[in-house]
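Summary of structural features
Residue-level listing of the chains:
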Amino acid sequence: MELPVITYGHGNQHKFTKFPRMLNVRLMELFGYWVGDGWYDPRGVGFVVCGDDTDVAEYLCSICENYIKTPVTKSAPCPDGPNAISYAIHGVAIKDYMKLTLNLNKDHIPGWIF
């Protein structure tokens with residue numbers, strides 16, 4: 001699926017985030033995981049992974065870094081429990097892209113997925 005062209009500039013810092021043009025399996029996996037175990041916050045988006053699932057965390061972080069070109073920050077402690085680890089993708093650009101362009105939210109699955 002082809003995605004809309006979005007180039008996001010951030011304030012006076014002249015940092016631009018360029019998002020992928022094509023939706024692929026890896027991005028769908030990331031967005032699907034986020035729908036199940038993710039959230040929006042004022043600074044970006046995040047997700048939680050069980051502490052025992054380090055392979056899942058590494059895989060999701062690699063998708064962010066390779067396809068969205070955005071680093072992921074490991075956060076602690078996680079309010080979901082002692083064995084849960086929070087990860088944050090900082091940036092209003094990714095939040096706006098997921099929320100406004102892709103219409104991803106926690107209340108429904110967007111129609112374009114079907």
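Residues numbered from 1 in each chain as written. Predicted model: local features only at pLDDT ≥ 70, side-chain atom pairs only at ≥ 80, totals over all residues. Heavy atoms only, no water.

Right, let's get into the packing of aromatic side chains. Within the structure shown, the criterion is met by three aromatic pairs. With 4.7 Å between their ring centres and 55° between their planes, Trp34 and Tyr40 make a pair best called tilted. For the pair Phe47 and Tyr87, a centre-to-centre distance of 5.5 Å together with 20° between the ring planes defines the contact as stacked. Taken together, the positions of Phe47 in strand β4 (residues 44-50) and Tyr87 in strand β6 (residues 84-90) put the pair 40 residues apart, joining distant regions of the chain. For the pair shown, Phe47 and Tyr87 are each scored as buried. (Phe/Tyr/Trp six-rings, centres within 6.5 Å; stacked < 30°, edge-to-face > 60°. Helix = DSSP H or I, 4+ residues; strand = E, 2+ residues; numbered from the N terminus. Buried < 20%, exposed > 50% of the residue type's maximum accessible area, 1.4 Å probe, protein only.)

Pairing analysis gives four bridges linking strand β3 (residues 38-41) to β4, with the strands arranged antiparallel. When the bridges of β4 are listed, Trp39 appears paired with Gly46. In this structure, the hairpin formed by β3 and β4 is closed by a connection of two residues. (Pairing = 2+ DSSP bridges.)

Of the residues making up helix α3 (residues 92-101), those classed as buried are Ala93, Ile94, Lys95, Tyr97 and Met98. The first or second residue beyond α3 is Asn103, which carries a positive phi of 60°.

Any functional reading would require information beyond the geometric quantities listed.
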